[in-house]
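So you can see what is in the structure, the chains are spelled out below.
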Amino acid sequence: HSQAGEMTEEFVLSGCEEAVVEAIKLMDAGRFSDARERLMDGLMCDTYCVSALLLMRSLRLDYPRVFGPTDISPEDMLQRALGAPQDRRDRARVFAGHLERTCAGSRTALFLCGSIAEKIAGNTAAAFELYTRAAEMGNPAAQFNLGCFYSTGQGVPVDKAAAARWFKLAADQGHANAKTNYAIATRPVAPLKL
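What you see is a predicted model; the values in this text were computed from it and never measured.

Novice: Quick one: what's the story with the environment of Thr180, residue by residue and with numbers?
Specialist: Summarising the element assignment, Thr180 is placed in helix α10 (residues 176–186). Of the residues examined, Thr180 reaches a relative accessible area of 46% and is grouped as partly exposed. Measuring from C-alpha to C-alpha, the distance between Thr180 and Ala96 comes to 30 Å, with 84 residues separating the pair along the chain.

Novice: Give a description of empty space enclosed by the protein that names residues and reports values.
Specialist: Here the structure, examined in full by the defined rule, presents one cavity of 30 Å³ or more. Roughly 100 Å³ of internal volume is contained in the largest cavity. For the largest cavity, the full set of lining residues is Met27, Phe32, Ser58, Asp62, Tyr63, Arg107, Thr108, Phe111, Asn139, Pro140 and Ala141. Looking at the lining of the largest cavity, the elements that each hand over two or more residues are α3 (50–62), α6 (107–120) and α8 (140–152).

Novice: With reference to specific residues and values, describe the pattern of salt bridges.
Specialist: Scanning all chains against the criterion turns up 12 salt bridges. Where Glu37 meets Arg36, a salt bridge forms, and the shortest distance between an N and an O atom there is 2.7 Å. Take Arg36: its relative accessible area is 12%, and that puts it in the buried class. The salt bridge involving Lys168 is made with Asp172; its shortest N-O contact spans 3.0 Å. One end of the pair, Lys168, and the other, Asp172, are both in helix α9 (residues 160–172), four residues apart, so they sit about a helical turn from each other. On the basis of relative accessible area, Asp172 is assigned to the exposed category, the value being 54%. Overlapping salt bridges, with partners in common, bring together Glu22, Arg38 and Asp41 in one network.

Calculation rules
Residues numbered from 1 in each chain as written. Predicted model: local features only at pLDDT ≥ 70, side-chain atom pairs only at ≥ 80, totals over all residues. Heavy atoms only, no water. Helix = DSSP H or I, 4+ residues; strand = E, 2+ residues; numbered from the N terminus. Buried < 20%, exposed > 50% of the residue type's maximum accessible area, 1.4 Å probe, protein only. 1 Å grid on protein atoms, 1.4 Å probe; cavity = no way out; pocket = protein on both sides within 12 Å on 5 of 7 lines; lining within 4 Å. Points joined across faces, edges and corners; volume = space filled by probe spheres on them. Salt bridge = Lys/Arg side-chain N within 4 Å of Asp/Glu carboxyl O.

Shown next as structure tokens:
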């Protein structure tokens, strides 16, 4: 058995975590509807599986077409993950370490690890590093998040050019929010009139 922050060789995936690993593979293959179904199966095992909630949130934000209009909102998914019992949040951090070791070649796994680092552990530096790795592998959600980091100066110096570059990469893959942010980031700013 492991404690938060530690990794042992004996780490055994829960049923929901197995569903998350399968959903990651499906997402990497572009099978978003199948990934959604697998995550929903996993959440049936554990409604407070933080990793499944965060990955489902990413799907809901980035691929809304795979969701019906009455599904839970991304904000609700995040609040549920943040409000999960402490043992579930600790488990998510340990699971992220497992994913980093076993699925480091997966852009979706690295994105999920970044989400856990940012949203659950509050570790912006680790999130930035993981998002960068995922973004360089072409994950549009990670590219969007990096654009946001550079745009707002969250954990890094404000760099509007870098923000625009990351937003454009995500927008070119159809990321709706990245399209909006790219348009804002690249619009000419009128001089102030007094």
